[in-house]
Amino acid sequence: MQKRVYVERFFDILAMASGEPRPWRAPAGEMLRVGFSWKAKAEYAFFYLAKSRGFYSGEKLEVVFCEGTGSPAALDALHRGELDILILPCTFALTAIEGGAPIKIVSLYQPAAPVCLISRSQSPVALPKHLEGKRVAKLSGETGTAFLARFCENNQVNYDRINFVDVSPADKIGAFLRGDVDVVSVYRTNELHVLESAANFPLTELDVAAFGLHLPGMCAVASDATIGAMAELVDRFLSATRKAILAGLEDRSALINVARQMPGAHPDAGIVSAQIRELVATINCPEGNSVTVLATGHEQLSRWKDAN
C-alpha cells in the first residue's frame, strides 16, 4: 500500500509540473503489474508517458510499475507470478526461452541495444583485442558484459585474460571514475552521458555492434500463463504503449518532462535531454497489438541468432 501511495504521488507531482489533467484518477481499471529489469531510468520514459497521459487508463487498465535489480531476478519474479509483463533486454528473454522458460516476447521496442564499452583514452580499449589484461566491471544481469564471452570468441580475444571485477549497480560508474576498473559497459540511453559529465579525462568508446555483437534491445515479455488468462489485457497494454511512443516521438519535450520527473532522474536537464535523444534514435514503434511476437521482432531476432 505504501508503495502504491508513492506511485500516486509521483504522478501528482508530474501533473503539477506539466499542467496537464490527471486522467489516471479515473475509476480504477483492471490491474496489470508491469516490471522493469532495472531501477527507473530515462529508457523507460515511454511507459511513464503512457501512464501520465492516461493511455493505460483509457484502455481501462490500472498499470502498476515495479522496479528491478537485474534481468535474472526480474525473470524469476515473472516466473513466480509476481509480474504480468516484464520490460527487459531482449537477449535475456531469448536466453530464458531457449532454456525452456514458459514465456513469450510480445513486443520488441529496440531492434538494437544501445550498448558500448567505455575506457580511459590514456589506456584505450579501441579494439576488442585491447580487452586482454584489462579490468572490466561486471554485474549480474547487465547486457554489455553478459555476452562478452561470445564477443571475444567472435573477435579472437582471449576471454580468460580479462580481469572481471564485481561491482554493484550503484557503484559501477564510481568504480570506473576512481580507477578501480579500466572498462565499463554503458547504455547510450542512460549511463553514457552521466559518465561523460562526471569524468575529468577523455574517454574512448568501443561500439560492440561494429565488431559483430548485434544485440536486440528492450522488449516486453509475458508468461504463457498470463497470455492464456489475460491476453486481452496484454493487448490493451501494448496498444496504449504504442500510442505513447507515437506521442513521445511527436512531442519530445513531453517525453523529456516525464523523464525529468521519474524516480532517480538525473538533476541535470541537459543530461536527461541527451538520454531521451539517444532513446528516440533507438526506438521501434511496433504496428498493431498482439501477444504473438511481431513480424519486426521475428526479423530482428533471427538476424541476432544468425549473427551470433
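Above this note sits the structure.
Below, the structure is looked at part by part. (Residues numbered from 1 in each chain as written. Predicted model: local features only at pLDDT ≥ 70, side-chain atom pairs only at ≥ 80, totals over all residues. Heavy atoms only, no water.)

### A look at the pattern of salt bridges
- Across all of its chains, the model carries 16 salt bridges by this definition.
- Linking Lys172 and Glu191 is a salt bridge whose minimum nitrogen-to-oxygen distance equals 2.5 Å. Pair noted here: Lys172 is in helix 8 (residues 172-178) and Glu191 is in helix 9 (residues 191-198), with a separation of 19 residues, a long-range link. Glu191 carries the same exposure label as Lys172, and that label is buried.
- Through salt bridges with shared partners, one network takes in Glu30, Glu232 and Arg236. (Salt bridge = Lys/Arg side-chain N within 4 Å of Asp/Glu carboxyl O. Helix = DSSP H or I, 4+ residues; strand = E, 2+ residues; numbered from the N terminus. Buried < 20%, exposed > 50% of the residue type's maximum accessible area, 1.4 Å probe, protein only.)

### Notes on the packing of aromatic side chains
- Throughout the structure, instances matching the rule amount to 11 aromatic pairs.
- Between Tyr56 and Phe237, the aromatic rings sit 5.2 Å apart at their centres with planes inclined by 10°, giving stacked as the arrangement. Placement of the pair is Tyr56 in helix 3 (residues 55-58) and Phe237 in helix 10 (residues 224-250), with a sequence separation of 181 residues. There is no split in this pair, since Tyr56 and Phe237 are both buried.
- Judged by centre distance (6.0 Å) and plane angle (55°), the ring pair of Phe176 and Phe201 falls under tilted. Of the two residues, Phe176 sits in helix 8 while Phe201 sits in the loop between helix 9 and strand 9 (203-207), which places them 25 residues apart along the sequence. Exposure class is identical for Phe176 and Phe201. Each is buried.
- Ring pairing ties together the aromatic residues Phe36, Tyr44, Phe47, Tyr48, Tyr56, Phe65, Tyr109 and Phe237, which thus form one cluster.
- For the cation-ring pair, Arg120 lies above Phe201, with the distance from its terminal atom to the ring centre recorded as 3.9 Å. (Phe/Tyr/Trp six-rings, centres within 6.5 Å; stacked < 30°, edge-to-face > 60°. Lys NZ or Arg CZ within 6 Å of the ring centre and 35° of its normal.)

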